[in-house]
Amino acid sequence: MLGTGWGAILLLLYLTAPFLVIFTLLLLLAFRRGRSLSGAVLGEKAARGMEVAWLMGVGIAWAVINLVSIPWIPWLQPLAATPGQTPSEPVQAVNVEAFMWGYTIDTYEVKAGTVKFVARAHDTIHSLTIYSPRGEILATVMLLPGMREELVLNLVEPGEYVIRCLEFCGDGHSAMLSKFKVVG
Amino acid sequence: MASQIRLEDLTYYPRLMILSSIAWFFAGGAAGLAMVLAHLTGALRIADYNMLLTFHGVVMPFGGLFQLMMGLSLLRVGFCYGKSVKGPLVKASYFTLNVGLLLILAAIFVFGVRTSYTLMFPLPASGALKGLWSLEGLTIFVWGIILVLAVIITLYPASLARLMFGGKTQEAFVLERFVGTLNPAGMAGMLPYIFIIPPLGTAIAIGAVTIGLALLGAIPLSSAGWVLHPLNFNYPFWIWAHNLMEAMGIMAIGTVYWLIPRYTAVLRSSEVVEPRLYSEKLGIFAIVFYSTAAVIAFPHHLFTMPTSQPAGLSYTGQIASWLTGFGAAFSVFNVLATAYAFGLRLTPASLAAMLGFAVYIVDGFLAMQLGTIGWAYRLHGTYAVTAHLMTILLAVSLIWIGALYHSYRLLFGTEVNKKLAYIHIILTAVAALGLFYFMAFMGGAGTPRRAYPLPIPSDTGVLGLVGFGVLLAAAQAIFLAQLFKSLSKPHHYISDTV
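(A) Summary view of the overall build of chain B. Of regular secondary structure, chain B possesses 18 helices and zero strands. For a compact globule of 498 residues, the expected C-alpha radius of gyration is about 23 Å, and chain B comes in at 22 Å, within 12% of that figure. For chain B, the C-alpha atoms occupy an extent of roughly 70 × 50 × 45 Å along the three principal directions. In chain B, buried positions account for 64% of the 498 residues. For chain B, restricting intrachain contacts to residue pairs at least 6 apart in sequence, the fraction spanning at least 24 positions comes to 83%. Seen as two clouds, the 25 positive and the 14 negative side-chain charges of chain B have centres 1 Å apart.

Below, the structure is given as structure tokens:
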């Protein structure tokens, strides 16, 4: 869940909302103290302690999030086992050509399992963004003309997948999409 | 001697830049509001929406924020180092930027060039080849960009450097004294812009001029082939564009370090308050640490090219992105410890700087998420990225609004109506956060950015954007009313001498 787009935004909310509350309270306190302060009240020792604690907390949080995120990197994900293919080399390949404003795909139906997408852009920048049957973005790949991008995904959920372009490519950008099916 | 120095020498060009930036903000903001209303009503044609999108994308960061930063930072250096803010570099910065923006404006609305918020290379050329806009329009567009680049990469940093390191200090101009150049941290924030942007922008500037000359027929088109290769273009572009945004952010953090120590509590009514910061060393360390990490964080813009971008470069981009967050964490502690330990006087300047800083930090977490390879593959190209870009620009704007309120009397000759200023600042911060969270959630739901009409319906999201967009506009209307009132009063500053 945390590795999805929704998961990212929920974590953003969970971390930033308390930060905003604490920041606002400290700011109100600072303004209140600004009216009637009789002297500096933060002892040097206490301040150093808080500084070290804060930086250690941030460092630990940052390290944990980075380590947890490693398995979400597309090229590091373990490949799903599919009959007739080895995990190291998926036999199902889908070739995608993006152009203003559509896609040509050489196959519209694949078996549930590991699928390798090989994508190119013809004319300008586009993207190959694959939405699951539940509407969740599984991965997005930026396509520059003249470059060839490969992406391997585990498509285990049967259903209709949608491909959209998320890189602005002109007036037809919003309507640029294609679909394919994953069968069990 | 003192009577020969005119205050106008210090304030004339900064004021011109600030007023011009407000005009661009107003025009770009109106376009932004029209765009969110179009999502609600469907009233715009796609081509018209895309023209507004391009216009909004050009004028808000460059005509508005960059120019506001240029005016206020030059003013600050002027009165901190005691030097007049004029001369060929300052004049050229102002006129070149605005002429460049007017050329881009003509390319958009006369020739229909509509490439969206950023260049989306090679869309400008592909659009011309596909007949979406003409080659003449493209030529004007590119030369407008070249002029804007000239200011960002050479003229403005040169103006800043000349004021900081060249010329003689006129004591009568020293309104707020700084010691040295690196200390205090408030001035150190300007150094990354001066030393990082010119070298990192050179490659993209050479590329842009090459394309511009080829479009004019001054050199053969084949000689621009190396720039037109997408990777050759995108790496220099992102090295520059990423670091420009970072340098503007660091400049804003430097502004927080400049303002907050000046608004710490007065202990006795007779006391002259010396600026106080919890730790100068930590402030300078934070800026140096952040700037260093930011320089190498640019590969996160190209994470989603799994084959073309080497994995090692992506890993470097992720680590560097999170290190910038660590750099920001130093500043969070330093600023909050300053406010808590010494108390803060409530003024429009201190409130705007602190709220802008809070919005900057909140947005910073999303920035780090987008700088994480695993999340980038699920969020890149969605409204989450719009949330980040728009919010960092709003946060930095709010911090500079603090600087504007700090220098309001110097610039416009009248006192600020504090009540109106507080309403302006609080509404701006609330609207910025509201837009941020609505856009972030739309991004989490996979809604594509820069797409009209939205291919994935998001009624709640659009309502949120309209509501907070209107709130943001209302806040700026309050500021404009106050500004017009100030401008309509007799202008004491024109004839004043120091």
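(B) Region of the structure containing the nonpolar core. By size, the foremost hydrophobic cluster in this structure holds 204 residues, and its most contacted members are Phe66(B), Ile152(B), Tyr156(B), Tyr193(B), Trp240(B) and Trp400(B). Lining this core are residues from two domains, each supplying at least three of them: domain 1 (5-76) and domain 2 (92-183) of chain A. Excluding its chain neighbours within four sequence positions, the residues that come into contact with Trp240(B) are Leu149(B), Ile152(B), Ile153(B), Ile197(B), Leu200(B), Gly201(B) and Ile204(B). Core analysis: the second largest hydrophobic core is formed by 31 residues, Leu128(A), Leu153(A), Val182(A) and Phe303(B) among them.

(C) Region of the structure containing the packing of helix α1 (residues 7-41) of chain B against helix α3 (residues 88-109) of chain B. All names here are of chain B. Relative to each other, α1 and α3 sit at 15 degrees, their axes nearing to 10 Å. One element, α1, and the other, α3, form an angle in the roughly parallel class. In this structure, the crossing between α1 and α3 has a hand that is left-handed. Note on element contacts: α3 touches α1 through Val90, Lys91, Tyr94, Phe95, Asn98, Leu101, Leu102 and Leu105, opposite Tyr13, Leu16, Met17, Ser20 and Trp24. For the contact of α1 with α3, a count of residues per class yields 10 nonpolar, two polar and one charged.

(D) Here's a closer look at the pattern of salt bridges. One pass over the full model with this rule turns up 14 salt bridges over all chains. As a salt-bridge pair, Glu136(A) and Arg134(A) come within 3.3 Å of each other at their nearest N and O atoms. The salt bridge involving Asp9(B) is made with Arg6(B); its shortest N-O contact spans 3.9 Å. Given a relative accessible area of 16%, Asp9(B) falls into the buried group. Arg6(B) gets classed as partly exposed once you look at its relative accessible area, which sits at 37%. By sharing partners, the salt bridges in this structure join Lys116(A), Arg148(A) and Glu150(A) into a single network.

(E) Expanded view of the pairing of strand β9 (residues 177-183) of chain A. Residues and elements named next belong to chain A. Only one face of β9 is buried, namely the one carrying Ser178, Phe180 and Val182, since none of Leu177, Lys179, Lys181 and Val183 on the opposite face is buried. Alignment of strand β3 (residues 109-111) against β9, held across three bridges, turns out to be parallel. Residue Val110 lies in a different strand from β9, and its bridge partner there is Val182.

(F) Spatial organisation of the interface of chain A and chain B. Counting residues at the interface gives 76 residues for chain A and 90 residues for chain B. In total, chain A and chain B occlude about 7300 Å² of area from one another, counting both sides; carbon and sulfur atoms represent 71% of this. Counting across the interface, chain A meets chain B through two salt bridges. Residue Arg114(B) is joined to Asp171(A) by a salt bridge in which the shortest nitrogen-to-oxygen separation is 2.6 Å. Summed over the shared surface of chain A and chain B, the result is 25 residue pairs in polar contact (both at pLDDT 80 or more). Of all the elements in the fold, those that place two or more residues in the side of chain A that touches chain B are α1 (5-36), α2 (44-69), β6 (137-143) and β7 (148-155) of chain A. Here the side of chain A that touches chain B takes 21 residues from α1(A), the largest share from any one element. The residue makeup of the side of chain A that touches chain B, split by class, is 50 nonpolar, 16 polar and 10 charged.

(G) How the structure looks around the packing of helix α5 (residues 135-165) of chain B against helix α7 (residues 191-216) of chain B. All names here are of chain B. In the contact formed by α5 and α7, the axes pass within 9 Å of each other and the chain directions differ by 155 degrees. Taken together, α5 and α7 sit at an angle that is classed as roughly antiparallel. Of the two possible hands of crossing, α5 and α7 adopt the one that is left-handed. For the contact of α5 with α7, the per-class residue count stands at 28 nonpolar, four polar and no charged.

(H) Geometry of the packing of aromatic side chains. Applying the stated rule across the entire model yields 35 aromatic pairs over all chains. Look at Trp322(B) and Phe365(B): their rings are 6.2 Å apart centre to centre, the planes differ by 90 degrees, and that puts the pair in the edge-to-face class. On the criterion of sequence distance, the pair formed by Trp322(B) in helix α11 (residues 311-342) and Phe365(B) in helix α12 (residues 348-370) is long-range, its members being 43 residues apart. Chaining the aromatic ring pairs together yields one cluster made of Phe121(B), Phe233(B), Phe237(B), Trp238(B) and Trp240(B). In this structure, Arg164(A) is placed above the aromatic ring of Tyr131(A), and the distance from its NZ or CZ to the ring centre is 5.5 Å. Positioned over the ring face of Trp101(A) is Lys130(B), at 5.3 Å from the centre of the ring.

(I) Quick look at the environment of Tyr377(B). With respect to the secondary-structure elements, Tyr377(B) resides in helix α13 (residues 373-379). A C-alpha to C-alpha distance of 9.7 Å links Tyr377(B) and Pro306(B), two positions 71 residues apart in sequence. Not counting the four nearest positions on each side in its chain, Tyr377(B) is found in contact with Pro74(A), Trp75(A), Ile137(A), Leu138(A), Ala139(A), Thr140(A), Val141(A), Leu151(A), Phe303(B), Thr304(B), Met305(B) and Pro306(B).

(J) Broad picture of the environment of Ile296(B). Residue and element names in this part refer to chain B. Among the structural elements, Ile296 can be located in the loop between α10 (280-295) and α11. On the basis of relative accessibility, which here comes to 43%, the residue Ile296 falls in the partly exposed class. With sequence-adjacent residues up to four places away left out, Ile296 is seen in contact with Thr316, Gly317 and Ala320.

Parameters and conventions
Residues numbered from 1 in each chain as written. Chains lettered and ligands numbered in written order. Predicted model: local features only at pLDDT ≥ 70, side-chain atom pairs only at ≥ 80, totals over all residues. Heavy atoms only, no water. Helix = DSSP H or I, 4+ residues; strand = E, 2+ residues; numbered from the N terminus. Rg over C-alpha atoms; globule rule 2.2 N^0.38 Å. Buried < 20%, exposed > 50% of the residue type's maximum accessible area, 1.4 Å probe, protein only. Contact = heavy atoms within 4.5 Å. Lys, Arg positive; Asp, Glu negative; His and termini not counted. Charge placed at Lys NZ, Arg CZ, Asp CG, Glu CD. Core = buried A, V, L, I, M, F, W, Y, C linked by side-chain atoms within 4.5 Å. Domains from an automatic or database assignment. Axes fitted to C-alpha atoms, helices over the stretch in contact; angles between N-to-C directions. Parallel < 35°, antiparallel > 145°, perpendicular 65-115°, else oblique. Left-handed = near helix turned anticlockwise from the far one by under 90°. Nonpolar A, V, L, I, M, F, W, Y, C, P; charged D, E, K, R; others polar. Salt bridge = Lys/Arg side-chain N within 4 Å of Asp/Glu carboxyl O. Pairing = 2+ DSSP bridges. Buried area = accessible area lost by both parts, 1.4 Å probe. Polar contact = N/O pair within 3.5 Å; in protein donor to acceptor, adjacent residues only side chain to side chain. Phe/Tyr/Trp six-rings, centres within 6.5 Å; stacked < 30°, edge-to-face > 60°. Lys NZ or Arg CZ within 6 Å of the ring centre and 35° of its normal.

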